[in-house]
Amino acid sequence: QRPYAVVLGGAKVSDKLAVIDNLLGKADRLLIGGGMLFTFLAAQGHEIGKSLLEEDQIPVCADYIQRAAGPGVQLLLPTDVVVDTVFPSGDAAPQPRVVPIDAIGADDIGLDIGPDTAAAYAAALAEAHTVFWNGPMGVFEVSEFAAGTRAVAQALTEIDGLSVVGGGDSAAAVRLLG
């Protein structure tokens, strides 16, 4: 039932190429998060620092952005992200910072969607009657980088319709976040 929204996250855009290609003709809204969002941002010409990047997929992401600009689908990309200068590990305490996408520094690693993006995604999902979600919005295993995934999960509990969570990491996030 429409509006039909799809939330895609996870680390690698190459894992989702066929899904994105197919959904550009079917979904009303496509929300992008997780590590894969940085290849989309690079395709728009943004500095992404040391964030995940599949350089060979930049032209594909640019094509998706261009195709989504036409009628039929709204492609939502983050406006802000949560960054740190190191990937979270047991060695150092996380030091998250929220930055707009045009202020990602050369030493920054993007680890979650930011609060403005999380709110925008929740609002976009609130209007949907069918939602499919595959892939976390950030490094949800670390509490400082779980807010984006939590916001999407919470939004799914509030839609008036059907929501489907697919994929091991998404299911693990839902369980971990309660």
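Notes on the overall build of the protein
When helices and strands are counted, the protein shows six helices and eight strands. Starting at the N terminus, the α and β elements of the protein follow one another as β-α-β-α-α-β-β-β-β-α-β-α-β-α. Viewed in the frame of its principal axes, the protein has a C-alpha envelope of about 45 × 40 × 25 Å. For the protein, the residues scored as buried account for 47% of the 178 residues in total. For the protein, long-range pairs separated by at least 24 residues make up 70% of all intrachain contacts whose partners lie at least 6 apart in sequence. Looking at the protein as shown, the accessible area adds up to about 8200 Å², and 53% of this sits on carbon and sulfur atoms. Distance from the positive charge centre (10 side chains) to the negative charge centre (22 side chains) of the protein: 7 Å.

So, the sheet that holds strand β5 (residues 97–100)
The three strands are arranged β5-β4-β6 in an open sheet whose pairing can be described as antiparallel. In this open sheet, the two edge strands, each paired with only one partner strand, are β5 and β6 (109–113). Taking the axes of each pair of neighbouring strands and ignoring which way they run, one obtains an average angle of 45 degrees across the sheet. In this sheet, β5 lies alongside strand β4 (residues 80–84) in antiparallel orientation, the contact comprising four bridges. For V83, the partnering residue across the bridge sits in β5 and is R97.

Regarding unusual backbone geometry
The linkage connecting R2 with the following residue, P3, adopts the cis geometry, with an omega of 0 degrees. Along the polypeptide, P3 turns up in the segment before β1 (4–8).

Here we look at the environment of V99
Note that V99 resides in strand β5. Along the sequence, V99 and L24 sit 75 residues apart, while their C-alpha atoms lie 28 Å from each other. The residues contacting V99, other than those within four sequence positions of it, are D80, V81, V83 and I104.

Topic: helix α3 (residues 58–68)
Every buried residue of α3 is listed here: C61, Y64 and A68. Burial along α3 is one-sided: seen end-on, the buried residues are contained in an arc of 55 degrees. In α3, the exposed positions that point more than 90 degrees away from the buried face belong to P59 and Q66. If you follow the buried residues of α3, they end up packed against α1 (17–23), α2 (37–43) and β3 (74–76).

Thoughts on the side chain of R29
Secondary-structure assignment places R29 in strand β2 (residues 29–32). We classify R29 as buried; its relative accessible area is 14%. One polar contact links R29 to E127, side chain to side chain, over a distance of 2.6 Å. Every residue in contact with R29, bar those within four places of it in the chain, is listed here: P3, Y4, A5, V6, V73, Q74, L76, A124 and E127.

Regarding the pairing of β1
With four of five residues buried, β1 lies mostly within the body of the structure. Pairing of β1 with strand β7 (residues 130–134), which is carried by five bridges, proceeds in the parallel orientation. What sits directly across from V7, in β7, is W133. Sheet topology places β1 next to β2; four bridges connect them, and they run parallel. Residue pairing in the sheet places A5 in a bridge with R29 of β2. Following the backbone out of β1, through α1 and into the adjacent parallel β2, one traces a crossover that is right-handed.

Quick notes on the rules
- Residues numbered from 1 in each chain as written.
- Predicted model: local features only at pLDDT ≥ 70, side-chain atom pairs only at ≥ 80, totals over all residues.
- Heavy atoms only, no water.
- Helix = DSSP H or I, 4+ residues; strand = E, 2+ residues; numbered from the N terminus.
- Buried < 20%, exposed > 50% of the residue type's maximum accessible area, 1.4 Å probe, protein only.
- Contact = heavy atoms within 4.5 Å.
- Areas by Shrake-Rupley, 256 points an atom, 1.4 Å probe, with all protein chains shown as cover.
- Lys, Arg positive; Asp, Glu negative; His and termini not counted.
- Charge placed at Lys NZ, Arg CZ, Asp CG, Glu CD.
- Pairing = 2+ DSSP bridges.
- Axes fitted to C-alpha atoms, helices over the stretch in contact; angles between N-to-C directions.
- Arc of directions from axis to C-beta.
- Polar contact = N/O pair within 3.5 Å; in protein donor to acceptor, adjacent residues only side chain to side chain.
- Right-handed = clockwise from strand over helix to strand, strands pointing away.

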